[in-house]
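Chains, contacts and geometry: an overview
Here is what each chain is made of, one letter per residue.
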Amino acid sequence: MVAGLTLKFVAFADYKRRVTDRESVMTHDEDPNRDAKIAAAEHGAGLVEDGMRLGLGTGSTSYWLVKAIARRMREESLRLDLFATSDKCEAIARAEGLHPIHSDELESLDLTIDGADECDSNLNLIKGGGGALLTEKIAAVNSGRLIVVADSSKRKETLGSYPLPVEVAGFAWKSTNARVLESLESRGFTGVEAALRSGTDGPFVTQEGNLIVDYSLRRIEDPGGLHRHLVSIVGVVETGIFAGMCDLAIFGDKDGTVRTVSADRSKES
């Protein structure tokens, strides 16, 4: 074990208590940030234009986004090609009467609207709390624009208070984790806890058949550099750092108001 760094196997119930805003902890109507998320989602849905190829993100705010887009499609007869970033997102869309196109046909998207677990002052993101970080990143890099919708609690000056999800291959994952821990120590992170994400019947397995390890880093000064460093480790499939990818963030407040921040920070409102 690397000095100062700890691997913790966290029981499923304990992990859910740690990450209290994960959508499966409560129903969407019970969520204390429900009105804030609806406000952000409605604003994001209003930016969708007829004829778009649109990526739909995953998460508690994206749930309300899909419902808002479905309503607009019904009321305004919008024609959209929709791509879901997870099975859960696709199920929500189909429940709303939508029919996402198979991901094999995803080439270029006009726009992806997604949630975030954290968003810093430069619109760098931590994503992956719902376990779809790889598919969400594939959609993002294939999109002309990435818009984030979230409640205002997700807005931070610096990333790191939310655990960083790292998707790793299941084969020899413990050795991969050891190299990640060594890498983090070499970059000055101390007291790091690593939690193999648990599911109901064992380790959580992503749609792509991988595992996720969550690292508590507390403060990430250089998100882009950390991502590049970690993703170069053999066995690491992807990280939950989305650096320099977000074009616009929409933050909802509980009173139903929204604030928007553009990537160049010249158009905050």
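Check the entry above for the structure.
All of the points below concern the structure found in this document. (Residues numbered from 1 in each chain as written. Predicted model: local features only at pLDDT ≥ 70, side-chain atom pairs only at ≥ 80, totals over all residues. Heavy atoms only, no water.)

Our next topic: the overall build of the chain. When helices and strands are tallied, the chain shows seven helices and 16 strands. With 269 residues in all, the chain has 54% of them scored as buried. In the chain, of all internal contacts separated by at least 6 residues, the share reaching a separation of at least 24 is 75%. Carbon and sulfur atoms make up 49% of the accessible area of the chain, which totals about 12000 Å². (Helix = DSSP H or I, 4+ residues; strand = E, 2+ residues; numbered from the N terminus. Buried < 20%, exposed > 50% of the residue type's maximum accessible area, 1.4 Å probe, protein only. Contact = heavy atoms within 4.5 Å. Areas by Shrake-Rupley, 256 points an atom, 1.4 Å probe, with all protein chains shown as cover.)

It is worth spelling out helix α4 (residues 87-95) at this point. Three or more residues of α4 are buried, namely Cys89, Ile92 and Ala93. In an axial view of α4, the angular spread of the buried residues amounts to 100°, which keeps them on one side of the axis. Exposed and oriented more than 90 degrees from the buried face of α4 are Asp87 and Ala95. Considering only its buried residues, α4 is in contact with β2 (53-56), α3 (60-76) and β3 (81-84). Residue Gly97 follows α4 closely and has a positive phi angle near 85°. (Arc of directions from axis to C-beta.)

This brings us to the nonpolar core. Within the largest apolar cluster, 29 residues are counted, with the highest numbers of intra-cluster contacts made by Leu54, Ile69, Leu80 and Ile113. If you list the elements that add at least two residues to this core, you get α2 (34-45), β2, α3, β3, α4, β4 (109-114), β7 (143-151) and β15 (248-252). Ile69 has contacts with Ala45, Val48, Leu54, Leu56 and Leu80, leaving out every residue within four places of it along the chain. Core analysis: the next-biggest nonpolar cluster, separate from the first, contains 24 residues, Val168, Leu184, Leu211 and Leu226 among them. (Core = buried A, V, L, I, M, F, W, Y, C linked by side-chain atoms within 4.5 Å.)

Topologically, Gly144 is positioned in strand β7. Excluding its chain neighbours within four sequence positions, the residues that come into contact with Gly144 are Leu109, Asp110 and Asp247.

With that out of the way, let us pick up the sheet that holds β7. Spatial ordering of the open sheet is given by β3-β2-β4-β7-β15-β16, a layout of six strands whose pairing is mixed. At either end of the open sheet lies a strand with only one pairing partner, and these are β3 and β16 (258-262). With direction set aside, neighbouring strand axes in the sheet form an average angle of 20°. Judged from the five bridges that link them, β15 and β16 form a sheet pairing that is antiparallel. Residue pairing in the sheet places Phe251 in a bridge with Arg259 of β16. Here α2 sits on the sheet in contact with β4, β7, β15 and β16, set at roughly 145° to β15. Along the sheet, helix α5 (residues 133-141) makes contact with β4 and β7, crossing β7 at roughly 130°. (Pairing = 2+ DSSP bridges. Axes fitted to C-alpha atoms, helices over the stretch in contact; angles between N-to-C directions.)

With that settled, the discussion passes to the sheet that holds strand β5 (residues 118-119). With antiparallel pairing, three strands are arranged side by side in an open sheet as β5-β6-β14. With partners counted over all chains shown, the strands left at the sheet margins are β5 and β14 (241-242), one partner each.

Glycine aside, residues mostly have negative phi, and peptide bonds are mostly found in the trans state. Residue Ser77 is not a glycine yet carries a positive backbone phi of 55°. Within the secondary structure layout, Ser77 lies in the loop between α3 and β3. Of the residues examined, Ser77 reaches a relative accessible area of 55% and is grouped as exposed. Residues other than glycine seldom take positive phi values, yet Leu123 does so here, at roughly 65°. Inspection of the secondary structure puts Leu123 in the loop between β5 and β6 (125-126).

Turning our eyes to something else, we now look at α2. In this model, α2 (12 residues) spans 16 Å end to end at C-alpha, consistent with the 16 Å of a helix rising 1.5 Å per residue. All buried positions along α2 are accounted for by Ala36, Lys37, Ala39, Ala40, Ala41, Gly44 and Ala45. Against α3, β4, β7, β15 and β16 lie the buried residues of α2. (Expected span 1.5 Å × (residues − 1).)

In this section: the state of the cysteines. As used in these notes, a disulfide is a covalent bond between sulfur atoms, one from each of two cysteines. What the rule picks out here adds up to zero disulfides. Cys246 supplies the cysteine sulfur nearest to Cys119, a cysteine that is in no disulfide, at a spacing of 5.5 Å. When its relative accessible area of 1% is taken as the criterion, Cys119 is described as buried. (Disulfide = S-S within 2.5 Å.)

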